[in-house]
Amino acid sequence: MPSFEYSKFDPSQGFSPQSADDLFDQFSEFMMDYGDEVLDSLEQWEEDNPDVVDMLMKQGYVEKDREGKFRVTPKGLKRVENKALESLFNIQNKDKMGRHETEFRGAGQVKMDESKKYEFGDPVGNLNMHETLKNAIHRQGGGSPVHISEDDLEIYETEYQTSCATVVLIDMSGSMMRYGKYASAKKVAMALQALVRSRYQSDFLQIVGFYTYATAMTERDLLNSAPKQVSIFDPQVSLRVSLDNPPAFVPEHFTNIQAGLQFARRILKKQPAQNQQIICITDGEPTAHIEGREIVLLYPPAERTARATLSEVKKCKNAGIQISSFALIEDYFYYGLVNFVEQMAQVSGGISATCNAQDMGNMVVNSFVKGRKKRSRV
C-alpha cells in the first residue's frame, strides 16, 4: 500500500486553482483554434466569474479597448509567441540556436575554432591571443619580454552572416479548421516572430494569410485570426468576382495560393535584404486565381488555376526568391496536393515537403533558419 503524509491545513494560505499565467495559457490555446471569437466569452466570464477576469487583467494579459471590448495586451501577445517557441523547441529538443549560416567566411559574430594570419582591415577584436603569443615566442626563440610584431598576429575566423527577408504564407481556407491544422500553423508563425525578435533582429518577417484573397497580418491579427467558414456547398463551383466592383457576398473559403505569392513578391521587392524567401503552408490545391481584374473561383481544383499559380511561382524565382512549400497531409484525399507542391518545387528550384500538423513546426523552422546561402559583392 502506498503511504501518504498529511500536513495541517493553514487557513491563511488561500486556495487558487490556477495561476493567471496558467489560465491565460489555456485561454490562448482556444484562441489558436477559434481566434477573436474566444475574447467574446470573457464578457460572460466577467458576469459569472469576475475574479477570474480580474486576475487576467491585473496580470496584464488582457484589457478593454475604448469600446469596452476585451483584447490581448502586448504582454499577453509576447507570452503567446514565446510559449509557442518554447514548446516548439521542447519538441525539437535542440540545445542551441544559431543564426543564418553560410559557407562564406567574413566579418560576423560566430567565432570558428580555426584562426588565420591577420590582414589589414580585419577586426582586432577577434584576436587569437594564444596563437599570437605562440608565434612571437617561436620567432624570438623564447625569453622575456615577448615582443609581438605584426607578422605574429592571428585572428579567429568568423562565419559570414546574412540578414533574410521572409514572408510566411498561411492557408486560411475552410479546410484548415480540421485536425487542428490552422492552430498549428499559427503556433509556428508566432514562434517565428519570437525567434526573429530574440535571435534575428536584422531580419524582416511578414505573415500573410491567403484564402479567396490575401491579407497581411500583424502579430495581433494573427492571434485573432481563424480560417474562413465554408459559405457555399455546391459540388461544383465556377464563379468570377470583380476586384473593382465586388458583389455583396463573396465566398472567402477558397485557396488562392497565387494571390498569396503575388502579395509576398510585392512585399519582398521593397526589402533591401539580398536573401529572400517565401514559406508557404497549405492543406489544399489552389481553387482560386486572378485573371486581369477578376478572381476566378473553381472547384474541384482545375488545371487552369494550377497553371496560373505556377506562373506566379516562376515570377518569384526570377526575382531571386526561394520558395519552401509545406503540404499538410492528413489522409489519402490530399495526394493531389502532394503532386502540386512538388510541381512548385520543380518550377521554383525550392523545397517541397509533406507533413502533418504536429510535425510541421520543426520542418518550417529548420527551413527558416537555413535561409538563403548567398553573398553579394561589395
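So, how was this worked out
- Residues numbered from 1 in each chain as written.
- Predicted model: local features only at pLDDT ≥ 70, side-chain atom pairs only at ≥ 80, totals over all residues.
- Heavy atoms only, no water.
- Helix = DSSP H or I, 4+ residues; strand = E, 2+ residues; numbered from the N terminus.
- Contact = heavy atoms within 4.5 Å.
- Areas by Shrake-Rupley, 256 points an atom, 1.4 Å probe, with all protein chains shown as cover.
- Patch = residues over 30% accessible without salt bridge, like charges linked within 9 Å, V, L, I, M, F, W, Y side chains within 5 Å.
- Salt bridge = Lys/Arg side-chain N within 4 Å of Asp/Glu carboxyl O.
- Buried < 20%, exposed > 50% of the residue type's maximum accessible area, 1.4 Å probe, protein only.
- Phe/Tyr/Trp six-rings, centres within 6.5 Å; stacked < 30°, edge-to-face > 60°.
- Lys NZ or Arg CZ within 6 Å of the ring centre and 35° of its normal.
- Pairing = 2+ DSSP bridges.
- Axes fitted to C-alpha atoms, helices over the stretch in contact; angles between N-to-C directions.
- Expected span 1.5 Å × (residues − 1).
- Parallel < 35°, antiparallel > 145°, perpendicular 65-115°, else oblique.
- Nonpolar A, V, L, I, M, F, W, Y, C, P; charged D, E, K, R; others polar.

Asks: Which residues make up the overall build of the protein, and what values do they have?
Replies: Check the secondary structure of the protein and you find 11 helices and 14 strands. Residue pairs in contact within the protein that sit at least 24 positions apart in sequence constitute 75% of those at least 6 positions apart. A total of about 20900 Å² of accessible surface is found on the protein, and carbon and sulfur atoms cover 49% of it.

Asks: Could you give me a rundown of a nonpolar patch on the surface, with the residues and numbers involved?
Replies: A surface patch of nonpolar side chains, amounting to about 380 Å² of accessible area, comprises Met 129, Leu 133, Ile 137, Val 146 and Ile 148. Structurally, Val 146 is set in the loop between helix H5 (129-140) and strand E5 (154-161). On the accessibility criterion, Val 146 (31% relative accessible area) is partly exposed.

Asks: Go over the environment of Glu 131 with me, naming the residues and quoting the values.
Replies: With respect to the helices and strands, Glu 131 occurs in helix H5. On a C-alpha basis, the gap between Glu 131 and Ser 115 in space is 8.3 Å, while along the polypeptide they are 16 residues apart. For Glu 131, the contacting residues outside a window of four places in its chain are Ser 115, Asp 152 and Glu 154.

Asks: How would you sum up unusual backbone geometry? Please name residues and give values.
Replies: Most peptide bonds are trans, and most residues other than glycine sit at a negative phi. In this structure, Pro 300 follows Tyr 299 across a cis peptide bond, with omega equal to 5°. Tracing the sequence through the fold places Pro 300 in the loop between strand E12 (294-299) and helix H9 (303-318). One non-glycine residue, Tyr 179, lies in positive phi territory at about 60°.

Asks: Describe the packing of aromatic side chains, with residues and values.
Replies: Counted by the stated rule, this structure contains four aromatic pairs. Judged by centre distance (5.6 Å) and plane angle (80°), the rings of Tyr 200 and Phe 368 are edge-to-face. With Tyr 200 in the loop between helix H6 (181-199) and strand E7 (204-210) and Phe 368 in helix H11 (residues 360-370), this residue pair connects regions lying 168 residues apart in the sequence. Look at Phe 368 and you get buried, because its relative accessible area is 0%. Ring geometry for Tyr 211 versus Tyr 213: centroids 6.2 Å apart, planes at 80°, classification edge-to-face. Residue classification places Tyr 211 among the buried positions, given a relative accessible area of 8%. The aromatic ring of Tyr 61 is capped on one face by Lys 75, whose charged end is 5.2 Å from the ring centroid. Sitting over the ring of Tyr 211, Lys 228 keeps its end group 4.6 Å from the ring centre.

Asks: Hey, could you go over the sheet that holds E12 for me, with residue numbers and the actual values?
Replies: As summarised here, the arrangement of the three strands in space is E9-E12-E11, forming an open sheet in which the pairing is antiparallel. Each edge of the open sheet carries a strand with a single partner, namely strand E9 (237-242) and strand E11 (288-291). Neighbour-to-neighbour, the strand axes of this sheet turn through a mean angle of 20°, independent of strand direction. Both E9 and E12 contribute to a ladder of six bridges, which runs antiparallel. Residue pairing in the sheet places Val 237 in a bridge with Tyr 299 of E12. Against the sheet, H9 makes contact with E9, E11 and E12, and its axis sits at roughly 70° relative to E11, the strand it touches most.

Asks: Hey, could you go over the sheet that holds strand E13 (residues 321-328) for me, with residue numbers and the actual values?
Replies: In space, the six strands of this open sheet follow the order E8-E7-E6-E10-E13-E14, with mixed pairing throughout. In the strand order of this sheet, the two ends are held by strand E8 (214-217) and strand E14 (351-355), each with one partner. Between one strand and the next, the sheet's axes are offset by a mean angle of 20°, whatever the strand orientation.

Asks: Any chance you could break down H9 for me, citing the residues and the numbers?
Replies: End to end, H9 covers 23 Å across 16 residues, agreeing with the expected 22 Å (1.5 Å per residue, within 8%). Taken residue by residue, H9 has Thr 305, Ala 306, Ala 308, Thr 309, Leu 310, Glu 312, Val 313 and Cys 316 as its buried positions. Within two residues after H9, Gly 320 carries a phi angle of roughly 80°, on the positive side.

Asks: Break down the packing of helix H2 (residues 37-48) against helix H3 (residues 50-58) for me, citing the residues and quoting the values.
Replies: For any two helices packed against each other, the geometry comes down to the angle between their axes and how far apart the axes lie. Running from N to C, H2 and H3 cross one another at 120°; their axes reach a closest spacing of 5 Å. Comparing the axis directions of H2 and H3 gives the class oblique. Mapping the contact onto sequence places Leu 42, Trp 45, Glu 46, Glu 47 and Asp 48 in H2 and Pro 50, Val 52, Val 53 and Leu 56 in H3. For the contact of H2 with H3, the residue count by class is six nonpolar, no polar and three charged.

Asks: Lay out the pattern of salt bridges in plain terms, naming residues and giving numbers.
Replies: On inspection of all chains with the given rule, the structure shows 18 salt bridges. The partner of Asp 25 in a salt bridge is Arg 79, with the nearest N and O atoms 2.9 Å apart. Highlighted residues: Asp 25 in helix H1 (residues 20-34) and Arg 79 in helix H4 (residues 74-92), separated in sequence by 54 residues. You can call Asp 25 buried: its relative accessible area is 16%. Of the charged contacts in the structure, one is a salt bridge between Asp 244 and Arg 293, with a shortest N-O distance of 2.9 Å. Here the residue Asp 244 occupies a position in the loop between E9 and helix H8 (257-269), and Arg 293 occupies one in the loop between E11 and E12, the gap between them amounting to 49 residues. Taking the relative accessible area as the measure of exposure, Asp 244 reaches 56% and is therefore exposed. A network of salt bridges, in which partner residues are shared, links Arg 240, Glu 291, Glu 294 and Arg 304.

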